[in-house]
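Structure assessment
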Amino acid sequence: MRPTERSFARRIDLTSLQLFVAVCELGSIGRAAEREFIAASAVSKRLSDLETTLETPLLYRHTRGVDLTPAGQSLLHHARSVLFSLEKMQAELSEYADGVRGHVRIHANISAIVQFLPEDLGAFSAGHPQVKIDLEEHLSTEILRAVQEGAADLGICHAGDGAAAHGLQALAYRSDELVLIVPRGHALAREHRIAFEDTLEFDHVGLHTNSSIYRATREAAAAAGRAIRLRIHVTSLDAMCRMIHNGLGIGVMPRRAFELMHGVGDLESVPLADAWARREIRLVARDFSTLPLTARLLVDHLRERAEAAAPPAAQAAPNKITA
């Protein structure tokens, strides 16, 4: 932070920001003073001081109340963001006072969340009940950006070459296999294995356009010099199954995710012969060695769970990263 920025931060008063937001929300200095249990003259003085500090008018004052100037509209946006961050900080720090001894923020893609994380995170939480885990679902590209920017401690996604491109570290976690999902009795249901190119004469149900599965199928179709006959986009795997069950097309999803969706529809899976259908899900961080201890414990736990679930021929000694 430059000296001028430090000086600006010192001159901004949080109470004044709170009062400014209250005035904006209520449209009146008097009503804001009543709500905040402070004299209207004191509110007016704080707002005047804030305008002096920022060297610009923030409010148009008139007999009916106040309106925001363009500068005031900008300050309202930033003030709300600052106050929200403070509330979030207070909530998180209060958890430590209540006995929560760690907090790990995870962004993961839908494949990892549906197939592996419920059991793996459940087992970790059972052994570490005082560690809070915040899990959010995002697309793989969004996950890499969130980890790079510090919005997430740990990413779990199909990183490919994207992790290195974002300056991130990646560790092996799980493998998954994409399969073709068709209604029972469909012409392709008799196949023991099929190339994706041979499915392109049929209508498809696809995931959202930025998903790794949709991008992989689109690239495979383009490599074959053809296009996917896309009937509809959906945002979840269970929605895809329901659409396929009701005759809107065929689709591609992870094999284990399909096996976990009991009773979603009268469907069958057909393995894909394409090499891209076998994918690696990786753990991603800016630097695993500098993660907080609780996050490193979670990373070791996830890798040990993956190691235990892997076929014997694929097992190798886990690469622990604890301090």
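As shown above, the structure is provided for reference.
First, a word on what this report is: a plain description of the structure on this page. (Residues numbered from 1 in each chain as written. Predicted model: local features only at pLDDT ≥ 70, side-chain atom pairs only at ≥ 80, totals over all residues. Heavy atoms only, no water.)

**A closer look at the overall build of the protein chain**
Broken down by element type, the protein chain carries 13 helices and 11 strands. Taken over C-alpha atoms, the radius of gyration comes to 27 Å for the protein chain, far larger than the 20 Å a tight globule of 323 residues would show. Dimensions of the protein chain, computed from the C-alpha atoms along their principal axes, are close to 80 × 50 × 35 Å. In the protein chain, which comprises 323 residues, the share counted as buried stands at 41%. Looking at the protein chain as shown, the accessible area adds up to about 17,300 Å², and 51% of this sits on carbon and sulfur atoms. (Helix = DSSP H or I, 4+ residues; strand = E, 2+ residues; numbered from the N terminus. Rg over C-alpha atoms; globule rule 2.2 N^0.38 Å. Buried < 20%, exposed > 50% of the residue type's maximum accessible area, 1.4 Å probe, protein only. Areas by Shrake-Rupley, 256 points an atom, 1.4 Å probe, with all protein chains shown as cover.)

**Concerning the nonpolar core**
Grouped together as the largest cluster of nonpolar side chains are 32 residues, with contacts concentrated most on Leu 180 and Leu 272. Mapped by element, the contributors of at least two residues to this core are strand S6 (169–183), strand S7 (203–207), helix H10 (212–223), helix H11 (237–245), strand S9 (251–254), helix H12 (255–260) and strand S10 (267–271). Here this core takes 5 residues from S6, the largest share from any one element. One finds Ala 108, Phe 288, Leu 298 and Val 299 within the second-largest nonpolar core, a separate group that totals 23 residues. (Core = buried A, V, L, I, M, F, W, Y, C linked by side-chain atoms within 4.5 Å.)

**What about helix H3 (residues 29–36)?**
Along an α-helix, a turn takes 3.6 residues, which lines up residues three or four apart on a common side. Every buried residue belonging to H3 is among Ile 29, Ala 32 and Ala 33, and all of these are buried. Mapping the buried residues of H3 onto a view down its axis gives an arc of 100°, with all of them on the same face. In the core, the buried residues of H3 are packed alongside helix H2 (14–26), helix H4 (40–54), strand S1 (59–62) and strand S2 (65–68). Capping of H3 at its N-terminal end is provided by Ser 28; its side-chain oxygen lies 3.2 Å from the backbone amide nitrogen of Gly 30. Among the residues trailing H3, Phe 37 stands out with phi positive, at a value near 55°. (Arc of directions from axis to C-beta. Contact = heavy atoms within 4.5 Å. Polar contact = N/O pair within 3.5 Å; in protein donor to acceptor, adjacent residues only side chain to side chain.)

**Description of the pairing of S6**
For S6 and strand S11 (residues 278–285), the ladder comprises 8 bridges, and the chain directions are antiparallel. Counterpart to Ser 175 in the pairing with S11 is Glu 280. Relative to S9, S6 runs antiparallel, the two being bridged by 4 bridges. Note that in S9 the partner of Leu 180 across the bridge is Val 252. In the sheet, S6 pairs with S10 via 5 bridges, with the strands oriented antiparallel. (Pairing = 2+ DSSP bridges.)

**Here's the deal with the pattern of salt bridges**
Under the criterion given, the structure shown has 17 salt bridges. Of the charged contacts, one joins Arg 174 and Asp 120 as a salt bridge, the two residues approaching to 2.9 Å between their closest N and O atoms. Of this pair, Arg 174 sits in strand S6 while Asp 120 is found in helix H7 (residues 117–127), placing the two residues 54 residues apart along the sequence. One exposure class covers both Arg 174 and Asp 120, and it is buried. In this structure, Asp 176 engages Arg 279 in a salt bridge whose closest nitrogen and oxygen atoms are separated by 2.9 Å. Here Arg 279 lies in strand S11 and Asp 176 lies in strand S6, a separation of 103 residues in the sequence. Pair check on accessibility: Asp 176 and Arg 279 agree, each one buried. Through salt bridges with shared partners, one network takes in Glu 25, Arg 35, Glu 36 and Arg 80. (Salt bridge = Lys/Arg side-chain N within 4 Å of Asp/Glu carboxyl O.)

**As for the side chain of Thr 53**
Mapped onto the fold, Thr 53 is located in helix H4. For Thr 53, a relative accessible area of 18% gives the class buried. Among all residues touching Thr 53, those that are not within four sequence positions of it are Arg 11 and Ile 12.

**Structural notes on the environment of Ile 250**
Structurally, Ile 250 is set in the loop between H11 and S9. Judged by relative accessible area, which is 0%, Ile 250 ranks as buried. Sequence-wise, Ile 250 and Arg 61 are 189 residues apart; in three dimensions their C-alpha atoms are separated by 62 Å. Once residues within four sequence positions are removed from consideration, Ile 250 is found in contact with Leu 180, Ile 181, Val 182, Pro 183, His 186, Leu 188, Thr 199, Phe 202, Asp 203, His 204, Val 205 and Ile 244.

**Digging into the environment of Met 261**
Mapped onto the secondary structure, Met 261 falls in the loop between H12 and S10. The spatial distance from the C-alpha of Met 261 to the C-alpha of Val 114 is 9.4 Å, given a sequence separation of 147 residues.

**Comments concerning a negative patch on the surface**
Taken together, the side chains of Glu 191, Glu 197, Asp 198 and Glu 201 define an acidic patch exposed on the protein surface. Along the chain, Glu 191 turns up in the loop between S6 and S7. Using a relative accessible area of 38% as the deciding quantity, one classes Glu 191 as partly exposed. (Patch = residues over 30% accessible without salt bridge, like charges linked within 9 Å, V, L, I, M, F, W, Y side chains within 5 Å. Lys, Arg positive; Asp, Glu negative; His and termini not counted. Charge placed at Lys NZ, Arg CZ, Asp CG, Glu CD.)

**Quick look at the packing of H7 against helix H13 (residues 293–309)**
Viewed as axis vectors pointing N to C, H7 and H13 meet at an angle of 130°, and their least axial separation amounts to 10 Å. It follows that H7 is oblique to H13 by the angle criterion. Here the hand of the crossing between H7 and H13 comes out right-handed. Here H7 contributes Leu 117, Glu 119, Asp 120, Leu 121, Ala 123 and Phe 124 to the contact with H13, which in turn contributes Thr 294, Leu 297, Leu 298, His 301, Leu 302 and Arg 305. When the residues that make up the contact of H7 with H13 are grouped by side-chain class, the tally is 7 nonpolar, 2 polar and 3 charged. (Axes fitted to C-alpha atoms, helices over the stretch in contact; angles between N-to-C directions. Parallel < 35°, antiparallel > 145°, perpendicular 65-115°, else oblique. Left-handed = near helix turned anticlockwise from the far one by under 90°. Nonpolar A, V, L, I, M, F, W, Y, C, P; charged D, E, K, R; others polar.)

So far we have only geometry, and geometry alone does not tell us how the molecule works.
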